[in-house]
Amino acid sequence: MNSTDNLIPRPQHVTALDGTAFRLTATTRLAASAGAEPVAEQLATLLRRGTGFDLPLANDFRPGDIALELDQAFDGGPEAYALTVTDAGARLRASTPAGLFNGIQTLRQLFAPSIERSLTESPESTDPLAGEGTWAIPAVEIHDAPRFAYRGLMLDVARSFFTVDEVKEQIDVMAQFKLNALHLHLTDDQAWRIEIVMPENNPSGLDYANLTAVGGAVNHPGVGLTPGHTGFYTQQDFRDIQAYAAARNILVVPEIDLPGHVNAALAAIPQLNPDGIAKPANTTGDVGYSTLTADLPATYEFVSEVLGQVAAMTDGPYIHIGGDEAHVTGHDNYVAMVTEFARIGAATGKTVVGWNEYAEVELPRGSVVQYWWGDLAPVVRQAEEGGSRVIMSPAANTYLDQKYDSGSPIGLSWVEGGPFTWSEYYQWNPAQGGLEDQHLLGVEGPLWTETVRGNQQAYWLMYPRAVSLAEVGWSRQEDRDLGDFRRRLGAFGERLANQGVGFQAASDVEWSATAADPFTEPNSTPEYGTIEA
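Residues numbered from 1 in each chain as written. Predicted model: local features only at pLDDT ≥ 70, side-chain atom pairs only at ≥ 80, totals over all residues. Heavy atoms only, no water.

1. Side note on the nonpolar core
For step 1, the next point in the chain: Within the largest apolar cluster, 147 residues are counted, with the highest numbers of intra-cluster contacts made by Ile66, Tyr233, Phe302 and Tyr463.
For step 2, the next point in the chain: The biggest single contributor to this core is helix α6 (residues 297-313), with eight residues.
For step 3, the next point in the chain: Beyond its immediate stretch of four places on either side in the chain, phenylalanine 302 contacts Trp192, Leu206, Tyr208, Leu211, Ala265, Ile269 and Leu272.
For step 4, the next point in the chain: One finds Tyr150, Tyr318, Val353 and Val368 within the second-largest nonpolar core, a separate group that totals eight residues. (Core = buried A, V, L, I, M, F, W, Y, C linked by side-chain atoms within 4.5 Å. Buried < 20%, exposed > 50% of the residue type's maximum accessible area, 1.4 Å probe, protein only. Helix = DSSP H or I, 4+ residues; strand = E, 2+ residues; numbered from the N terminus. Contact = heavy atoms within 4.5 Å.)

Structure representation (structure tokens):
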């Protein structure tokens, strides 16, 4: 078995070629066509780290090189690519930089897992094709394209904050699995994490600067967790995250949760409350107790300003307005507010996204519905009658915050059923309940952070389940096989371990390596919310 048998996500077409392997050596160059240079430089950075080779960029190809070619005539879609490897070199073709980026993730996986290590670590590998200063990959031809356009993860930075650097680390890990969307849940009852600057026109005198000054993070005293991390993103921070993500073919989707999950806003801006008195800050994990007020003019002034500023700082086409768990809003008030909020969001020029509760209202045509729980019928209706596209995030198959089982030291356990392992997150079809592929934008795995403190704990909950979701989003349903994926997942353990990415080593997978336990290893610290005995 060679490295072509271990690729994740599983490509559409893989054909072994006759001939000897291609060897990456100290004389190899990366030959990039016009426009392909940024992606070529990213590949060079990845390969230099483990090999120490110079791997200079060039604009001409010679035997022994890796070629990256942007070809407008290449067919297959905006994220498709073709990779051909012979003893003379490797050739990667696509019509877009996104396609090339996907291709280099596949090429990266063809090398031995030790390519993921820094030269300061042991360069040894169990791969028979790698050794004595050379790195070899088998002769192969691969043609590949994704099933769905949107393949995402969600990071809840409201309950517990993640710094800019931590978000960038998350981006680097997810990108290798061809995940291409990062949904940031920026606001909730506990805290507001995005800067909103004071506008020149402010009729109600709302103190937008106070949004990031009041509130903190979730806190569960008495259950062994330290309080959530605090902080916020300036608008420049948010742009920095987007630029970093875009260079890795990842779209950032900001979420401002409305009309519920707003206690942080109600505590920061008194005028958003009918009595004009700010609500007390609340750091519990409770949900469903807060709401904006439908007949208060300041509500719409506030939402217009916030969504306008968030849209202006967002490079991508989407703005998420939440809409979930508004338990105390009242049906008529919910319909009135969410209908108007969706209109306001669409007026910014962005496509509005919302959790599936908002499918009950009249949405702008082409809005996106994110299904997570409950009745699919309104979602199907919006897809069939309103031209909506659907992101599938059914909790039992995608929620990365759920405990794997009752023994998990962190995580939530509200979803019925279980266990919630890599297997359950692999064995499902997003096209369900009357939704077909043409209705679906894609899939997303949300990570809510009530019990999560920092990236290592986040990784432990996310991986390997996010790997399952990556293949669900990329590979065709008929090409996926649980047993085959189990084997490939186990082989990938060494790559994650070499990258320093923690993961839950499921007992039903034969892992090639395991990672440090973020709860018991010596490098675990209280700031990561280590569970007390």
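What follows picks up the thread again.
2. Some remarks on the sheet that holds strand β6 (residues 81-86)
For step 1, the next point in the chain: Spatially, seven strands are ordered β1-β9-β6-β7-β5-β3-β4 in an open sheet, and the strand pairing comes out mixed. Since the sheet does not close on itself, it has two edges, and those belong to β1 (13-16) and β4 (57-58), each with one partner.
For step 2, the next point in the chain: Bridge analysis of β6 against strand β9 (residues 140-144) gives five bridges, and the strand direction is antiparallel. Following the sheet pairing, threonine 84 is matched in β9 by glutamate 141.
For step 3, the next point in the chain: Of the strands in this sheet, β5 (65-70), β6, β7 (89-94) and β9 touch helix α2 (residues 97-110), which is tilted by about 40° from β6. (Pairing = 2+ DSSP bridges. Axes fitted to C-alpha atoms, helices over the stretch in contact; angles between N-to-C directions.)

3. Focus on the packing of helix α1 (residues 37-51) against α2
For step 1, the next point in the chain: Close contact between α1 and α2 brings their axes to 9 Å; oriented N to C, the two are set at 15°. With respect to their mutual orientation, α1 and α2 come out roughly parallel. Crossing hand, α1 versus α2: right-handed. Along the contact surface, α1 presents Val39, Gln42, Leu43, Leu46 and Arg49, while α2 presents Pro97, Leu100, Phe101, Ile104, Leu107 and Arg108.
For step 2, the next point in the chain: Class assignment for the residues of the contact of α1 with α2 results in eight nonpolar, one polar and two charged. (Parallel < 35°, antiparallel > 145°, perpendicular 65-115°, else oblique. Left-handed = near helix turned anticlockwise from the far one by under 90°. Nonpolar A, V, L, I, M, F, W, Y, C, P; charged D, E, K, R; others polar.)

4. So, the packing of α2 against helix α12 (residues 482-499)
For step 1, the next point in the chain: With their axes 11 Å apart at the nearest point, α2 and α12 run at an angle of 100° to one another. The orientation of α2 relative to α12 falls into the category roughly perpendicular. Between α2 and α12, the residues in contact are Arg108, Gln109 and Leu110 and Phe492, Arg495 and Gln499, respectively.
For step 2, the next point in the chain: For the contact of α2 with α12, a count of residues per class yields two nonpolar, two polar and two charged.

5. Looking at the packing of aromatic side chains
For step 1, the next point in the chain: Using the criterion set out here, one finds 20 aromatic pairs in the structure.
For step 2, the next point in the chain: Geometrically, the ring pair formed by tyrosine 426 and phenylalanine 485 is stacked, given 4.2 Å between the ring centres and 10° between the ring planes. Note that tyrosine 426 is positioned in the loop between α9 (395-398) and β17 (440-447) and phenylalanine 485 in helix α12, a separation of 59 residues in sequence.
For step 3, the next point in the chain: Using a relative accessible area of 2% as the deciding quantity, one classes tyrosine 426 as buried.
For step 4, the next point in the chain: One aromatic cluster is present, built from ring pairs that chain together Trp355, Trp372, Trp373, Tyr399, Trp414 and Trp448.
For step 5, the next point in the chain: For the cation-ring pair, lysine 178 lies above tryptophan 474, with the distance from its terminal atom to the ring centre recorded as 5.5 Å.
For step 6, the next point in the chain: In this structure, arginine 465 is placed above the aromatic ring of tyrosine 404, and the distance from its NZ or CZ to the ring centre is 3.8 Å. (Phe/Tyr/Trp six-rings, centres within 6.5 Å; stacked < 30°, edge-to-face > 60°. Lys NZ or Arg CZ within 6 Å of the ring centre and 35° of its normal.)

Keep in mind these values describe shape, not function.
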